[in-house]
Amino acid sequence: MIDISERKHTELLLQSQHEFSGLLVARPDRKTLLEAILDCALRLPELDGGGLYWREPDGGYRLVVQRGFSDAFFAEVERLASDSPQAEIVRQGRLQCSCRDASAHCTDPSLGSPAICMMPRPRASTLPTTYQRLSMKIGHEPSYRLQHYPISIGPYLNKPPPRSSPKYPERG
Amino acid sequence: MDAAGIGVWEYDHVTDRIAWSPALCALLGYGAAQVPPNLAAWLDLIHPDDLPGLQARIAAALASDSPLYAAEYRLRAADGRWIWIDARGRVAQRDGRGGPC
């Protein structure tokens, strides 16, 4: 037996990028795009669920798409007030663990963070709430090296959703 | 093979016992006492999505004169991570009816 994890992870990342590029060619609406971003991320190993937040004009964040959240957890995290600790983490723009109870992987940076963090990058010439690029960081040493996956999504964010969007099954 | 990072396993079909080489233990982070003792315990370490395909390959390798068994699947390492494995093997000895022994 030999360890082929690095090759498999590279294959998976390239496949996800290829499929995501194919979706962009089809010029999806905002909802479809956000669902695809999250699904793309969750195809990577060790990830069981996640969500994407939309920044509101008041500085808070609203969960716009999620997978794998229980109803109770969803109710707890659906809205992040602008003065909440979680919103502050997002504003800092750095990958970090937001576990409520600290554990070993939260406090030892050398272990990396077994989480995925997708941070919007504002373009300098635009308003703070308009994001043109989005960067996906994957950190889980030693399985993964920290990776950036820049995607241009600006043209899709303001496209209105269709009357009926495809529904994705929620994970259990 | 240890130097190349290749782990070796051996399964005795008669006694249902499994042996891992030190390199395989190191690859997955298990101590010698933590090695799964039998096939069922080993299969418990396989990723659920990979298990059906792996079982089919094992059955095919056992039921015929297949010269080589080869499979790629995920194994749960001692620290909880999934490790992708390229595994190859063959039946070392068969009885008079062609079954493993």
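Below is a short write-up of the structure.

Rules of the game
- Residues numbered from 1 in each chain as written.
- Chains lettered and ligands numbered in written order.
- Predicted model: local features only at pLDDT ≥ 70, side-chain atom pairs only at ≥ 80, totals over all residues.
- Heavy atoms only, no water.
- Axes fitted to C-alpha atoms, helices over the stretch in contact; angles between N-to-C directions.
- Helix = DSSP H or I, 4+ residues; strand = E, 2+ residues; numbered from the N terminus.
- Parallel < 35°, antiparallel > 145°, perpendicular 65-115°, else oblique.
- Contact = heavy atoms within 4.5 Å.
- Salt bridge = Lys/Arg side-chain N within 4 Å of Asp/Glu carboxyl O.
- Buried < 20%, exposed > 50% of the residue type's maximum accessible area, 1.4 Å probe, protein only.
- Phe/Tyr/Trp six-rings, centres within 6.5 Å; stacked < 30°, edge-to-face > 60°.
- Lys NZ or Arg CZ within 6 Å of the ring centre and 35° of its normal.
- Pairing = 2+ DSSP bridges.
- Buried area = accessible area lost by both parts, 1.4 Å probe.
- Polar contact = N/O pair within 3.5 Å; in protein donor to acceptor, adjacent residues only side chain to side chain.

All names here are of chain A. It is at 10 Å that the axes of helix H1 (residues 5-25) and helix H2 (residues 30-42) come closest, and there the two elements cross at 175°. One element, H1, and the other, H2, form an angle in the roughly antiparallel class. Every residue of H2 that contacts H1 at Ser16, Phe20, Leu23 and Leu24 is listed here: Thr32, Leu33, Ala36, Ile37 and Cys40.

On to the pattern of salt bridges. Here the structure, examined in full by the defined rule, presents 11 salt bridges over all chains. Glutamate 72 of chain B serves as the salt-bridge partner of arginine 7 of chain A, at 2.8 Å between the closest nitrogen and oxygen. With arginine 7 of chain A in helix H1 and glutamate 72 of chain B in strand S3 (residues 69-76), this pair bridges two chains. Classification of arginine 7 of chain A by relative accessible area gives partly exposed; the value is 38%. The class of glutamate 72 of chain B is partly exposed, set by a relative accessible area of 35%. For lysine 8 of chain A, the salt bridge identified is with glutamate 11 of chain A, shortest N-O distance 3.9 Å. Pair noted here: lysine 8 of chain A and glutamate 11 of chain A are both in helix H1, with a separation of 3 residues, about one helical turn. On the basis of relative accessibility, which here comes to 16%, the residue lysine 8 of chain A falls in the buried class. For glutamate 11 of chain A, a relative accessible area of 37% puts it in the partly exposed group. Through salt bridges with shared partners, one network takes in Arg7, Lys8 and Glu11 of chain A together with Glu72 of chain B.

Inspection of the entire model under this criterion finds 5 aromatic pairs over all chains. One aromatic cluster is present, formed by Trp9, Trp20, Tyr30, Trp42 and Tyr69 of chain B through successive ring pairs. When the ring centre of tryptophan 84 of chain B is taken as reference, the NZ or CZ atom of lysine 8 of chain A above it lies at 4.6 Å. Over the ring of tryptophan 82 of chain B we find arginine 76 of chain B, and its NZ or CZ is 3.9 Å from the ring centre.

Phi is positive for arginine 27 of chain A, which is not a glycine, with a value near 50°. One can find arginine 27 of chain A in the loop between H1 and H2. A relative accessible area of 44% means that arginine 27 of chain A is categorised as partly exposed. Backbone geometry at aspartate 16 of chain B places phi at a positive 55°, although glycine is not the residue there.

Take the sheet that holds strand S2 (residues 50-55) of chain A next. All names here are of chain A. The strand order across the open sheet built from 3 strands is S2-S3-S4, with neighbouring strands paired in antiparallel fashion. Only two strands of the sheet have a single partner each, and these edge strands are S2 and strand S4 (79-80). Lying on the sheet, H2 is in contact with S2 and strand S3 (61-67); it crosses S3 at an angle near 60°.

A word on the interface of chain B and chain A. Counting residues at the interface gives 19 residues for chain B, matched by 12 residues for chain A. Regarding the contact of chain B and chain A, the summed buried area is about 1,300 Å², with carbon and sulfur atoms giving 58% of it. Broken down residue by residue, the surface that chain B buries against chain A is led by Arg81, Trp84 and Asp86 of chain B, which jointly contribute 45%. At the boundary of chain B with chain A, the tally comes to 2 salt bridges. The interface formed by chain B and chain A includes 6 residue pairs in polar contact (both at pLDDT 80 or more). Mapped onto the side of chain B that touches chain A, the elements with two or more residues apiece are helix H1 (22-28), S3 and strand S4 (82-89) of chain B. Among the elements that take part in the side of chain B that touches chain A, S4 of chain B stands out by supplying 6 residues, more than any other. Where strand S1 (residues 2-3) of chain A and S4 of chain B come together, 2 bridges link them in antiparallel fashion. Along S4 of chain B, the bridge assignment pairs isoleucine 2 of chain A with aspartate 86 of chain B.

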